[in-house]
Amino acid sequence: YDLGVLSTDTDLTGLMFSSKEHVQTAELWFSTGSTAPNILWPDNCFWIGLFPALTTNMAYRFAIRQEPSGKLLINLAYEYPA
């Protein structure tokens, strides 16, 4: 899912998959412009590795996996200058 360039704070607390029956995987893409926004993530997420400090003019790609329990596992797949 490509969110485009995020220029304001963004609420992703409603991020979820449509089913909890099977492990599901998706990628979330976004870039930052001249400001780095704050992102609100779901309460049921668990970060694999450290959450990156978002900086300006960067492209971010996150891998998101939903476990059968409903917990979201998120990690930064890669980042590069936008």
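See the structure above.
Residues numbered from 1 in each chain as written. Predicted model: local features only at pLDDT ≥ 70, side-chain atom pairs only at ≥ 80, totals over all residues. Heavy atoms only, no water.

> Outline the overall build of the protein, listing residues and values.
When helices and strands are counted, the protein shows zero helices and seven strands. Listed N to C, the secondary structure of the protein is β-β-β-β-β-β-β in terms of helices and strands. Each principal axis of the C-alpha atoms in the protein carries an extent, and together these give about 40 × 20 × 20 Å. Considering the protein as a whole, with its 82 residues, one finds that 38% of them fall into the buried category. When contacts within the protein are restricted to residue pairs at least 6 apart in sequence, those whose partners lie at least 24 apart make up 64%. Approximately 5100 Å² of the protein is accessible, and the part contributed by carbon and sulfur atoms is 56%. Between the mean site of the 4 positive side-chain charges and the mean site of the 8 negative ones, the protein shows a separation of 6 Å. (Helix = DSSP H or I, 4+ residues; strand = E, 2+ residues; numbered from the N terminus. Buried < 20%, exposed > 50% of the residue type's maximum accessible area, 1.4 Å probe, protein only. Contact = heavy atoms within 4.5 Å. Areas by Shrake-Rupley, 256 points an atom, 1.4 Å probe, with all protein chains shown as cover. Lys, Arg positive; Asp, Glu negative; His and termini not counted. Charge placed at Lys NZ, Arg CZ, Asp CG, Glu CD.)

> Which residues make up the nonpolar core, and what values do they have?
Core analysis: the biggest nonpolar cluster contains 17 residues, and Phe30, Ile39, Trp41, Phe62 and Ile74 have the highest contact counts within it. Those elements giving two or more residues to this core turn out to be β3 (24-32), β5 (45-47), β6 (58-66) and β7 (72-81). In terms of residue count, β6 provides more of this core than any other element does, four residues in total. Aside from chain neighbours lying at most four places away, what touches phenylalanine 30 is Leu3, Gly4, Leu6, Ile39, Leu54, Met58, Ala59, Tyr60, Arg61 and Phe62. (Core = buried A, V, L, I, M, F, W, Y, C linked by side-chain atoms within 4.5 Å.)

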